[in-house]
Amino acid sequence: MRYFIGNWKMFGVPKSISILDKINKFVKSDKKFNKKYKVVITPPHTLVQSYAKFFLNKKILIGAQNCFYKDNFGANTGAISPLMIKSIGAQYIIVGHSDNRSEGDTDVMLKAKVESSLNNKLKVVFCIGENKEHKIKNKTFEVLENQIQSTLNEKLNLKNIIVAYEPIWSIGTGQIPEPDDLLKTTIFIKKVLKKIFKKQKSPIVLYGGSVDSKNISQFKKLNEIDGFLIGGASKSDQNFIDIIKNYYR
Ligand code: PEP
């Protein structure tokens with residue numbers, strides 16, 4: 001199974017649902033390949049409820065981006081908990097995106113977010129990734145292992161966790177890793193996950209960072225990559241559809 005997960009970030013108003021409607025129609029019509037992949041879109045919180053309702057029992061699954069790190073309800077102005085997100089129909093949640101890490105998410109907060117999301121039956125897309133300096137100093141593996149170890153543990157159910165490897169230097173820059181490096185990194189991440197989760201289900205690891213309809217063909221042969229987290233290119237139905245088409249054709 002491959003995942004094509006769109007992260008809309010701070011984009012979208014109610015009528016932007018037409019973008020998803022076109023993607024949904026494409027997936028429905030893509031009979032030859034559509035059993036091989038899942039499409040998940042994470043709009044901003046303001047749109048999760050209406051979109052989740054509209055796409056209930058259709059091809060597109062709806063998730064949310066980020067959540068507060070404390071459970072359920074509390075005196076936290078402006079905060080939204082996993083329980084609240086689940087209650088409006090989201091099925092997935094992105095946790096640990098570098099945007100949020102750079103805005104103050106600590107490992108302790110991320111651990112709480114992951115656990116609370118899983119407790120509320122959301123599937124977690126947990127993002128990890130090194131910055132440019134880590135890469136230059138050859139610290140990528142060390143950074144990734146630390147990010148994983150400090151948030152995930154064997155008591156969690158790996159079945160409900162997807163890890164998205166998103167090098168920070170690649171997000172929104174048009175730069176993508178060399179295929180060989182990406183393959184090695186993906187294999188390394190899977191090794192770390194297998195060490196933690198032992199005989200639990202095989203880990204699912206996505207790549208994210210500047211994926212578009214032109215460069216997607218470079219990822220086709222990298223079998224270890226279970227799918228993609230797509231930012232900018234997920235805001236256009238045509239780009240998103242072309243990513244799926246060019247991946248399979
Ligand atoms: C992201 O922010 O998760 C992302 C992958 O962005 P982009 O595809 O625009 O690089």
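Residues numbered from 1 in each chain as written. Predicted model: local features only at pLDDT ≥ 70, side-chain atom pairs only at ≥ 80, totals over all residues. Heavy atoms only, no water.

Digging into the pairing of strand E2 (residues 37–42)
Most of E2 sits out of view: five of its six residues are buried. Here six bridges tie strand E1 (residues 2–7) to E2, and the two strands are oriented parallel to one another. Each bridged residue has a counterpart across the sheet, and for Tyr3 the counterpart in E2 is Lys38. Following the chain from E1 across helix H1 (residues 17–29) to the adjacent parallel E2, one finds a crossover that is right-handed. (Buried < 20%, exposed > 50% of the residue type's maximum accessible area, 1.4 Å probe, protein only. Helix = DSSP H or I, 4+ residues; strand = E, 2+ residues; numbered from the N terminus. Pairing = 2+ DSSP bridges. Right-handed = clockwise from strand over helix to strand, strands pointing away.)

Here's the deal with the pattern of salt bridges
Any two side chains of opposite charge can pair if their charged atoms end up close together. Tallying each qualifying case throughout the model produces eleven salt bridges. Lys25 serves as the salt-bridge partner of Asp21, at 2.9 Å between the closest nitrogen and oxygen. Placement of both Asp21 and Lys25 in helix H1 is noted, with a separation of four residues, approximately one turn of the helix. The exposure class assigned to Asp21 is partly exposed, which follows from its relative accessible area of 22%. Overall, Lys25 belongs to the exposed group, its relative accessible area being 53%. Asp237 is the salt-bridge partner of Lys22, the closest N and O atoms lying 3.9 Å from each other. Of the two residues, Lys22 is situated in helix H1 and Asp237 in helix H9 (residues 237–248); the sequence distance between them amounts to 215 residues. Given a relative accessible area of 45%, Lys22 falls into the partly exposed group. One network of salt bridges, in which partners are shared, links Arg2, Lys190, Glu224 and Asp226. (Salt bridge = Lys/Arg side-chain N within 4 Å of Asp/Glu carboxyl O.)

Regarding the site of the ligand
Neighbouring the ligand are Asn7, Lys9, His97, Glu166, Ile171, Gly172, Gly209, Ser210, Leu229, Ile230, Gly231 and Gly232. At a separation of 2.9 Å, an oxygen atom of the ligand approaches a polar side-chain atom of Glu166. One nitrogen or oxygen atom from the main chain of Ser210 is found 2.7 Å from an oxygen atom belonging to the ligand. In the complex, 95% of the free accessible area of the ligand, which totals 290 Å², lies under the protein chains. (Near = heavy atom within 4 Å. Polar contact = N/O pair within 3.5 Å; in protein donor to acceptor, adjacent residues only side chain to side chain. Areas by Shrake-Rupley, 256 points an atom, 1.4 Å probe, with all protein chains shown as cover.)

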